[in-house]
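Observations on the three-dimensional arrangement
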Amino acid sequence: MRPSQTQTCPSTCLGPGRAQGEAGVCARCSGAAPGPVGLAMTAVEEVRASLSSVEADSRGSAPPDGLCWVSVLSCLLLACSYVGSLYVWKSDLPRDHPSVIKRRFTSVLIVSGLSPVFVWAWKEFTGIQTGPCLLALMGIRLEGLIPAIILPLLLTMVLFLGPLIQLAMDCPWGLIDGIKVAVDPRFWALCMSDMRWLRNQVVAPLTEELVFRACMLPMLVPCAGPSTAIFTCPLFFGVAHFHHVIELLRFRQGTISGIFLSAVFQFSYTAVFGAYTAFIFLRTGHLVGPVLCHSFCNYMGFPAVSTALEHPHRFTVLSFYVLGVLLFLLLLFPMTDPLFYGWPTPVCTLTSTLGSVCS
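Parameters and conventions
Residues numbered from 1 in each chain as written. Predicted model: local features only at pLDDT ≥ 70, side-chain atom pairs only at ≥ 80, totals over all residues. Heavy atoms only, no water. Helix = DSSP H or I, 4+ residues; strand = E, 2+ residues; numbered from the N terminus. Core = buried A, V, L, I, M, F, W, Y, C linked by side-chain atoms within 4.5 Å. Buried < 20%, exposed > 50% of the residue type's maximum accessible area, 1.4 Å probe, protein only. Contact = heavy atoms within 4.5 Å. Disulfide = S-S within 2.5 Å. Expected span 1.5 Å × (residues − 1). Polar contact = N/O pair within 3.5 Å; in protein donor to acceptor, adjacent residues only side chain to side chain. Arc of directions from axis to C-beta. pLDDT = per-residue confidence, 0-100. Patch = residues over 30% accessible without salt bridge, like charges linked within 9 Å, V, L, I, M, F, W, Y side chains within 5 Å. Areas by Shrake-Rupley, 256 points an atom, 1.4 Å probe, with all protein chains shown as cover. Salt bridge = Lys/Arg side-chain N within 4 Å of Asp/Glu carboxyl O. Phe/Tyr/Trp six-rings, centres within 6.5 Å; stacked < 30°, edge-to-face > 60°. Lys NZ or Arg CZ within 6 Å of the ring centre and 35° of its normal.

1. Focus on unusual backbone geometry
- Between W343 and the following residue, P344, the backbone shows a cis peptide bond with an omega angle of -10°.
- Along the chain, the position of P344 falls in the loop between α16 (314-331) and α17 (355-358).

2. A word on the nonpolar core
- Within the largest apolar cluster, 54 residues are counted, with the highest numbers of intra-cluster contacts made by F212 and M216.
- Residue assignment for this core shows that the elements contributing at least two residues are α3 (67-84), α4 (98-126), α6 (145-159), α10 (195-224), α11 (226-240), α13 (256-284), α14 (288-300) and α17.
- In terms of residue count, the dominant contributor to this core is α10 (10 residues).
- Discounting residues that sit within four places of it in the chain, M216 has contacts with C75, L78, A79, V211, C233 and F236.
- Counting residues in each nonpolar core, the second largest holds five residues, with I101, F105, L198 and V203 among its members.

3. Section: the state of the cysteines
- Under the definition given, this model contains two disulfides.
- There is a disulfide in this structure between C68 and C223, and the S-S distance comes to 1.9 Å. Taking the torsion about the sulfur-sulfur bond, which here is approximately 110°, the covalent link between C68 and C223 counts as right-handed. In this pair, C68 is assigned in helix α3 and C223 in helix α10, connecting sequence segments 155 residues apart.
- One disulfide bridge connects C348 with C358, the sulfur atoms lying 1.9 Å from each other. Here the disulfide of C348 and C358 is left-handed, its torsion about the S-S bond being about -70°. Of this pair, C348 sits in the loop between α16 and α17 while C358 is found in helix α17, placing the two residues 10 residues apart along the sequence. Taken individually, C348 and C358 each receive the classification buried, so the pair is uniform in this respect.
- Sequence-ordered numbering of the bonded cysteines in the protein chain gives a pairing of 1-2, 3-4.
- Here C297 stays unpaired: no disulfide links it, and the sulfur of C293, its closest cysteine neighbor, is 6.6 Å away.
- Judged by relative accessible area, which is 8%, C297 ranks as buried.

4. Overview of α13
- The terminal C-alpha atoms of α13 lie 41 Å apart, and with 29 residues this matches the ideal 42 Å at 1.5 Å per residue to within 8%.
- Downstream of α13 by one or two residues, G285 has phi in the positive range, about 70°.

5. Considering the environment of Q266
- By the element assignment, Q266 lies in helix α13.
- On the basis of relative accessible area, Q266 is assigned to the partly exposed category, the value being 28%.
- For the pair Q266 and F302, spaced 36 residues apart in sequence, the C-alpha separation works out to 10.0 Å.

6. Topic: the side chain of T207
- Secondary-structure assignment places T207 in helix α10.
- Separated by 2.7 Å, the side chain of T207 and the backbone oxygen of V203 make a polar contact.
- Not counting chain neighbours up to four residues away, the residues in contact with T207 comprise Y82, V108, L109 and S112.

7. Observations regarding α3
- For α3, spanning 18 residues, the distance from its first C-alpha to its last is 25 Å, which sits close to the expected 26 Å at 1.5 Å a residue.
- Restricting attention to buried positions, one finds in α3 the residues L67, S71, S74, C75, L78, A79, Y82 and V83. The buried residues of α3 occupy an angular sector of 165° when the element is viewed end-on, so they sit on one face.

8. Brief notes about the confidence of the model for the protein chain
- Predicted confidence across the protein chain gives a mean pLDDT of 82, with 78% of residues reaching 70 or more.
- Element-level pLDDT for the protein chain is lowest in helix α1 (residues 27-30), with a mean of 42, against a maximum mean of 97 in α6.
- Low pLDDT, under 50, characterises residues 1-33; the stretch is placed with 34 contacts to residues that sit more than four places away or in other chains.
- Within the model, the stretch residues 47-61 combines pLDDT values under 50 with 16 contacts to residues more than four positions away or in other chains.

9. Side note on a nonpolar patch on the surface
- Residues I146, I149, I150, L154 and M157 make up a contiguous nonpolar surface patch of roughly 410 Å² in combined accessible area.
- Here I146 falls in the exposed class, since its relative accessible area comes to 54%.

10. Notes on the packing of aromatic side chains
- Enumeration according to the criterion identifies 10 aromatic pairs in this entry.
- Residues F160 and F296 carry aromatic rings whose centres are separated by 5.6 Å and whose planes lie at 90° to one another, so their mutual orientation is edge-to-face. Of this pair, F160 sits in the loop between α6 and α7 (161-170) while F296 sits in helix α14, placing them 136 residues apart in sequence.
- Seen in terms of ring centroids, F265 and F302 are 5.1 Å apart; in terms of plane orientation they differ by 80°. Their pairing is edge-to-face. Of the two residues, F265 sits in helix α13 while F302 sits in the loop between α14 and α15 (305-309), which places them 37 residues apart along the sequence.
- Chaining the aromatic ring pairs together yields one cluster made of F187, W188 and W197.
- The positively charged end of R104 is found above the aromatic ring belonging to Y87, 5.1 Å away from the centroid.

Below, the structure is given as structure tokens:
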């Protein structure tokens with residue numbers, strides 16, 4: 001039987017400061033027909049509440065003792081294995097030589113292919129019970145795949161709005177010429193034949209995100225929680241890039257002080273970037289988003305702010321720099337809303353407190 005218009009609404013139906021009987025406040029209780037927005041908001045809240053209840057029941061008991069030590073040591077071992085695989089080949093040639101790159105491709109791809117074994121061994125050793133399968137925890141799944149391909153990359157391009165405008169202004173090509181090059185198969189064939197391009201745009205983003213995000217975050221989240229894991233995981237990623245110092249010193253590419261200052265800067269930059277891609281991975285539950293963002297950032301490099309300050313149209317360029325940062329901060333949470341990708345994301349089911357990162 002449909003409830004009467006005068007039926008008392010439960011307190012859960014009444015919003016803050018709303019009087020009982022206010023139009024549209026409690027359509028389910030009063031019998032008034034809710035509008036489309038009201039129905040949508042009600043459905044979202046019901047889904048969130050039901051999923052939170054299910055996940056709370058499935059997570060069960062507290063993490064076992066010593067979990068954090070096992071997780072950190074597992075991540076450290078994985079990071080050392082990745083970096084160590086780069087140096088199993090003895091060579092007097094620099095890192096950008098094609099033969100060196102090809103050999104490193106082999107060893108890095110082997111370690112990356114075996115990296116899920118680390119997560120499986122960690123799971124078996126700690127006894128952590130997970131609902132999603134191992135591949136889903138690592139961000140390899142179909143649900144929400146299309147948004148995961150498009151939205152994080154668009155968000156990153158918004159952050160680089162200033163450098164993109166600067167690049168467009170300085171590019172000798174017109175828009176039509178650029179499109180013609182982008183769709184020309186010969187251009188992509190030339191790229192694929194360049195070992196450095198393959199390393200920077202394909203192999204490095206794929207293997208680094210697989211190892212340092214998809215494998216490490218599932219091991220760190222149950223111990224540290226999502227928010228802390230975002231800032232812990234990049235430390236392994238940043239330290240892993242210190243190995244470049246060895247080659248710079250070996251081939252004497254600069255002064256010692258300059259090399260170490262460069263290494264500190266690279267650590268800071270990669271740590272911040274690693275925190276961003278870890279955030280993307282937790283929010284979307286997909287590996288593809290961080291990989292595409294990583295590849296895009298490798299192509300763009302660090303923003304050339306000093307060049308922008310000397311640009312003939314520096315006011316316009318710097319305005320787009322500021323606008324890009326502001327839009328990025330404004331869109332960061334809306335464009336990575338887990339509802340677009342299947343809420344809750346698999347890795348977030350490993351923690352008892354979802355927090356703002358996972359919800």
